[in-house]
Amino acid sequence: MKKYDYIILGTGPAAYQFIKLLATQHKSILVIESGLFGGTCPNVGCEPKIYLDGAVQAALLSKRLEGHGIEQAAAMNWSQLMKEKKKRFTSWPDETKEIIGKTCDVISGSAHFINRQTIAVNQKYFQGNKIIIATGRRPHELSIPGAKFLHDSSDVLSLNKVPEHATFIGAGYVAMELATFLAAAGSQVTILVRGEQVLRHFYQKYSSDLVNRMMQRGIQFRFATEATRITQLSDKYVVELNQDSSLVTDYVVNASGRTPNIEKLDLSAAQIDYSSKGIDVDRHLQTNVKNIYAIGDVTSQDVPNLTTVAEFQARYLFNSLEKGLSQPIDYPAIGTGVFAFPQLAQAGVNPDSVSEDRDNFEIVEYELSQSSLYAGQREQGLLTVVYDKANYIVGVSEISTSAVNDVNYFVPIIGLRIRKNEWHRNVLPIYPALADKIEGILR
Ligand SMILES: Cc1cc2nc3c(=O)[nH]c(=O)nc-3n(C[C@H](O)[C@H](O)[C@H](O)COP(=O)(O)OP(=O)(O)OC[C@H]3O[C@@H](n4cnc5c(N)ncnc54)[C@H](O)[C@@H]3O)c2cc1C
Ligand SMILES: NC(=O)c1ccc[n+]([C@@H]2O[C@H](COP(=O)([O-])OP(=O)(O)OC[C@H]3O[C@@H](n4cnc5c(N)ncnc54)[C@H](O)[C@@H]3O)[C@@H](O)[C@H]2O)c1
């Protein structure tokens with residue numbers, strides 16, 4: 001049986017980052033991937049999403065400005081856009097496999113544990129001194145009758161023609177972003193929200209604001225509504241709802257969350273602890289088994305499942321295993337954004353989590369629309385800043401057409417605890433942009 005220093009399961013952002021760093025260490029490495037090389041983010045997640053987003057934002061912004069300096073709003077040609085997207089993305093898995101193959105042995109197949117040192121793939125067995133599990137997540141399966149008619153985010157991101165009517169189940173990141181895309185391309189869209197909240201990890205005032213602005217563009221939200229059954233009716237689908245009602249649609253997207261890829265790993269063969277939330281790891285990203293580690297979305301850690309977080313964990317693990325770093329993982333200020341229209345973004349402390357603690361935190365809202373920058377886009381922009389007792393900025397939330405980039409200005413300010421005088425001395429940003437106003441927001 002061939003023995004390696006490392007066996008790595010998966011090739012998504014977590015594994016890829018770890019492999020890239022390990023390439024400098026002259027180790028023997030086996031990498032096993034059961035799906036598309038590169039994982040979710042570059043193939044069916046962030047990257048194709050942001051590629052399509054360019055046209056979506058252009059179309060929606062031109063519509064907003066119609067009659068205010070734009071004669072006629074741009075009309076999206078989704079099919080053409082999708083052809084362009086496929087041209088760019090189709091070769092990525094093969095290219096990624098080739099890059100990894102330069103420094104590692106690579107196998108396509110689904111890996112599972114035989115025991116604490118042994119992994120099986122395609123009926124072959126391999127031993128690893130250290131085994132890194134980075135198998136990510138996949139769309140959560142809804143167990144309702146007719147679930148076979150459901151589509152997921154990957155399907156939407158490679159859809160050739162937009163449906164006349166689309167229904168989304170769930171109201172998290174995926175639903176809010178992809179509903180924005182399909183609606184911009186001409187679909188009628190309905191979003192079924194199980195409870196009363198959308199994007200529950202975001203500042204709720206701005207989540208509700210986003211819902212209102214999407215509703216103004218004709219996107220329908222049905223709150224306290226669950227899909228209970230889906231049936232086919234010639235070339236359409238009937239979605240039965242918990243409120244003794246139903247709707248007829250052309251396309252149903254399951255956007256009810258993502259579940260860790262653990263079932264096929266046979267974790268019990270290596271006595272690895274896990275739950276439905278993912279693989280349990282300690283603050284060194286080690287499982288309960290000494291030589292086995294887990295990174296990225298597959299872990300049950302209470303951090304957002306983002307590419308940035310997966311890569312951060314990979315860097316931490318590399319430094320811990322190869323560079324002798326002994327401190328536990330300590331997460332920095334994490335920024336996150338929803339690529340809807342307008343965008344929603346936040347970093348650090350969510351105002352909702354400290355709104356009752358006025359002794360230790362101050363929450364201040366800044367109206368951005370007064371600036372010509374935002375007014376020229378005819379979009380209301382709102383920024384909320386959370387200050388701690390010592391007047392450091394510890395959290396920022398924004399809703400505007402440029403919220404993602406705006407909040408990114410604040411990530412170093414929060415992470416590096418930058419004060420007004422330091423900013424003033426060392427920074428002269430481009431004007432006009434939000435960055436030139438930050439000095440006024442800092443204390
Ligand atoms: C539609 C969408 C949009 C997103 N947009 C953003 C965004 O804008 N910004 C952001 O930060 N994050 C975004 N994300 C989240 C981001 O994609 C994930 O956080 C990131 O991909 C996690 O990386 P990972 O390496 O942990 O897992 P993954 O990228 O999921 O990779 C895991 C890999 O393991 C493989 N695998 C699974 N089981 C096995 C097995 N038994 N054997 C071998 N291989 C296996 C899988 O095939 C997969 O390739 C988005 C996700 C989706 C779905
Ligand atoms: N811009 C980004 O960074 C980005 C974009 C997309 C995805 N992601 C990542 O991928 C993850 C998955 O995204 P997502 O939108 O699929 O999940 P999510 O957890 O953000 O949202 C899931 C939604 O489905 C609802 N839901 C759960 N179970 C349900 C059920 N049985 N019936 C009806 N509704 C149900 C939830 O209440 C929630 O509204 C995100 O949490 C995020 O980490 C990030």
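Calculation notes
Residues numbered from 1 in each chain as written. Chains lettered and ligands numbered in written order. Predicted model: local features only at pLDDT ≥ 70, side-chain atom pairs only at ≥ 80, totals over all residues. Domains from an automatic or database assignment. Contact = placed C-beta atoms within 7 Å. Nonpolar A, V, L, I, M, F, W, Y, C, P; charged D, E, K, R; others polar. UniProt positions renumbered as here; feature names shortened; annotations may be inferred. Helix = DSSP H or I, 4+ residues; strand = E, 2+ residues; numbered from the N terminus. Buried ≥ 20, exposed ≤ 12 C-beta atoms within 10 Å, placed from the backbone. Near = placed C-beta within 6 Å. Axes fitted to C-alpha atoms, helices over the stretch in contact; angles between N-to-C directions. Left-handed = near helix turned anticlockwise from the far one by under 90°.

- The name an unreviewed UniProt entry gives the chain is Glutathione reductase, with Lactobacillus paragasseri as the organism.

### Notes on the domain arrangement of the chain
- Along its sequence, the chain is organised into domain 1 (2–139 + 259–322), domain 2 (147–256) and domain 3 (342–437).
- A straight line from the C-alpha centre of domain 2 to that of domain 3 covers 31 Å.
- Opposite the nine residues of domain 2 that make contact, domain 3 presents ten residues.
- Looking at the side of domain 2 that touches domain 3 residue by residue, the class counts come to five nonpolar, two polar and two charged.

### Remarks on the UniProt feature "binding site: FAD" (unreviewed entry) in the chain
- The sites that carry the UniProt feature "binding site: FAD" (unreviewed entry) are, in the present numbering, Lys49 and Asp297.
- Within the element layout of this structure, Lys49 appears in helix H3 (residues 46–64).
- Once residues lying within four places of it in the same chain are set aside, the contact partners of Lys49 are Leu157, Glu177 and Phe339.
- If you trace the backbone, Asp297 turns up in the loop between strand S18 (292–294) and helix H9 (307–322).
- When the 30 C-beta atoms within 10 Å are taken as the criterion, Asp297 is described as buried.
- Dropping the residues within four chain positions of it, Asp297 is found in contact with Gly136, Arg137, Pro260, Asn305 and Ala310.

### A look at the site of ligand 1
- By nearness alone, 37 residues border ligand 1, and Gly10, Gly12, Gly39, Gly136 and Gly296 come closest of all.
- Mapped onto the shell around ligand 1, the elements with two or more residues apiece are helix H1 (13–22), strand S2 (29–33), helix H2 (40–44), H3 and H9.
- Of the residues in the shell around ligand 1, the class split is 15 nonpolar, 17 polar and five charged.

### Some points on the packing of H1 against H9
- Contact pair H1 / H9: the axes reach a minimum separation of 8 Å and the direction vectors enclose 35°. The hand of the H1/H9 crossing is right-handed. Across the interface between the two elements, Pro13, Ala14, Gln17, Phe18, Leu21 and Leu22 of H1 pack against Thr307, Ala310, Glu311, Gln313, Ala314, Arg315, Leu317 and Phe318 of H9.
- The residue inventory of the contact of H1 with H9, partitioned by class, reads nine nonpolar, three polar and two charged.

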